[in-house]
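Report on the structure
Read off the chains here:
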There are 2 protein chains.
Amino acid sequence: MINYKLDRSFAALADPTRRAMVERLAMGPATVKELAAPLPMSLPAVMLHLKVLEASGLVTSEKQGRVRTCRIDPHCLSQVELWVSERRAMWERKLDRLGAFLDATKPDNEP
Amino acid sequence: MINYKLDRSFAALADPTRRAMVERLAMGPATVKELAAPLPMSLPAVMLHLKVLEASGLVTSEKQGRVRTCRIDPHCLSQVELWVSERRAMWERKLDRLGAFLDATKPDNEP
DNA sequence: TTGATAGTTAAGTACATGATTAACTATAAA
DNA sequence: TTTATAGTTAATCATGTACTTAACTATCAA
């Protein structure tokens, strides 16, 4: 029942800096420097955030020469999306059944 | 650009105990005691998790007599789902465009 | 080969998080 | 009216997170 990957993905996305990094990467791959440019913090801090994103699997990176290029791995994003949508769907089915029950037991001549 | 609600929702869902609580609530409303029953921790600890879930907006609760009944608020779940699906969709559109570009620039007579 | 660039590691600090036990407050039932 | 139930608050503690600056290592360009 324990899903460490999901733990790490949600935890990674809980930080606004890391969501900003994912938003940037959603537009296409970027280097560490490009990722860091708009962020109001030091490069080592960005590196730590990147490490968290990579540990969760949401982002991958590879180094060529002295440049590390980062990109989104959509699989983990899908896993997160799936978990949330499943719970919401379950809750909404529950609501629908409740509605149907109320309709069925309601005194008639109401719409 | 900063979205505290989203921060709190993702952070709330990053903890396996709280995800377990949401999973339970997806099946229908529950009291604090019912929520706590399967969890390997003290009631005050469960209360703290519940507070985190309520502060994020993912869960609401109301007290009647001495019983507090908790239920999912699907709106915040939708917000989380939307954020994730938008980023994934954006990334995949990007990939598609890249694929189309590669197809267009590829030397011919390849499938 | 000198210097700038891109990234990395280390050490240290401040604050947040997740849990505990003990003690307390209502409400309901016997 | 006693007693059990459901929940709440407070005090405490250990650990984890999010940064900082300083110092370092490669790589590329002039």
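What this report covers is the structure whose coordinates are included nearby. (Residues numbered from 1 in each chain as written. Chains lettered and ligands numbered in written order. Predicted model: local features only at pLDDT ≥ 70, side-chain atom pairs only at ≥ 80, totals over all residues. Heavy atoms only, no water.)

Some points on the protein's contact with DNA strand C
- Around DNA strand C, the structure places 21 residues, and the nearest of them are A:K33, A:M47, A:R66, A:R68 and B:H49.
- Sugar plus phosphate, as a fraction of atoms of DNA strand C within 4 Å of the protein: 73%.
- A distance of 2.5 Å is found between a phosphate oxygen of DNA strand C and a side-chain nitrogen or oxygen belonging to A:K33.
- In this structure, B:D15 approaches DNA strand C through a side-chain N or O atom, which is 3.5 Å from a phosphate oxygen.
- Elements that contribute at least two residues to the surface near DNA strand C include exactly α3 (32-36), α4 (43-56) and β3 (67-72) of chain A together with α4 (43-56) of chain B.
- Class assignment of the residues belonging to the surface near DNA strand C gives a composition of 9 nonpolar, 4 polar and 8 charged. (Near = heavy atom within 4 Å. Polar contact = N/O pair within 3.5 Å; in protein donor to acceptor, adjacent residues only side chain to side chain. Helix = DSSP H or I, 4+ residues; strand = E, 2+ residues; numbered from the N terminus. Nonpolar A, V, L, I, M, F, W, Y, C, P; charged D, E, K, R; others polar.)

Observations concerning the interface of chain B and chain A
- On the side of chain A, 30 residues touch chain B, which itself brings 30 residues to the contact.
- In total, chain B and chain A occlude about 3000 Å² of area from one another, counting both sides; carbon and sulfur atoms represent 68% of this.
- Scanning the region where chain B abuts chain A turns up 6 salt bridges.
- Here A:D7 ties to B:R19 by a salt bridge, and the two come within 2.6 Å at their closest N and O atoms.
- Connecting chain B to chain A are 12 residue pairs in polar contact (both at pLDDT 80 or more).
- Those elements that provide at least two residues to the side of chain B that touches chain A are α1 (4-13), α2 (16-26) and α5 (74-105) of chain B. (Contact = heavy atoms within 4.5 Å. Buried area = accessible area lost by both parts, 1.4 Å probe. Salt bridge = Lys/Arg side-chain N within 4 Å of Asp/Glu carboxyl O.)

Observations regarding the protein's contact with DNA strand D
- Around DNA strand D sit 21 residues in total, of which A:H49, B:K33, B:M47, B:R66 and B:R68 are the nearest.
- Within 4 Å of the protein, the contacting atoms of DNA strand D are 71% sugar and phosphate, with bases supplying the remainder.
- A:R66 places a polar side-chain atom, nitrogen or oxygen, 3.1 Å from a base oxygen of DNA strand D.
- Interatomic distance of 2.6 Å between a side-chain N/O atom of B:R68 and a phosphate oxygen of DNA strand D.
- Secondary-structure elements contributing two or more residues to the surface near DNA strand D are α4 of chain A together with α3 (32-36), α4 and β3 (67-72) of chain B.
- Partitioned by chemical class, the residues of the surface near DNA strand D number 9 nonpolar, 4 polar and 8 charged.

Things to note about the pairing of β3(B)
Residues and elements named next belong to chain B.
- Across 2 bridges, the pairing between strand β1 (residues 30-31) and β3 is antiparallel. Considered in β3, the bridge of T31 is made with T69.
- Looking at chain direction, strand β2 (residues 59-64) and β3 are connected through 6 bridges and run antiparallel. Directly across from K63, in β3, lies its bridge partner R68.
- Hairpin geometry of β2 and β3 is characterised by an intervening segment of 2 residues between the two adjacent antiparallel strands and by a positive phi of about 65 degrees at G65. (Pairing = 2+ DSSP bridges.)

Regarding the sheet that holds strand β2 (residues 59-64) of chain A
All names here are of chain A.
- On the basis of which strands lie adjacent, the open sheet formed by 3 strands has the order β1-β3-β2 and antiparallel pairing. Each edge of the sheet is formed by a strand with only one pairing partner; in this case those strands are β1 (30-31) and β2.
- Lying on the sheet, helix α2 (residues 16-26) is in contact with β1, β2 and β3; it crosses β3 at an angle near 90 degrees.
- Along the sheet, α4 makes contact with β2 and β3, crossing β2 at roughly 115 degrees. (Axes fitted to C-alpha atoms, helices over the stretch in contact; angles between N-to-C directions.)

Observations concerning the relation of the copies chain B and chain A
- Once chain B is rotated about the relating axis by 180 degrees and shifted along it by 0.0 Å, it coincides with chain A to within an RMSD of 0.0 Å. Viewed as a symmetry operation, the transformation between the two copies matches a two-fold axis.
- Most of the interface of chain B is mirrored in chain A, where 100% of its interface residues again form contacts. (Least-squares fit on C-alpha atoms with pLDDT ≥ 70 in both.)

Points about the sheet that holds β2(B)
Residue and element names in this part refer to chain B.
- Read across the open sheet, the 3 strands follow the order β1-β3-β2; overall the sheet is antiparallel. Whereas interior strands pair on both sides, the edge strands pair on one side only; in this sheet they are β1 and β2.
- Its contacts with the sheet put α2 on β1, β2 and β3, and the angle it makes with β3 is roughly 90 degrees.
- Along the sheet, α4 contacts β2 and β3; its crossing angle with β2, the most-contacted strand, is approximately 115 degrees.

Honestly, it's all geometry; don't read function into it.
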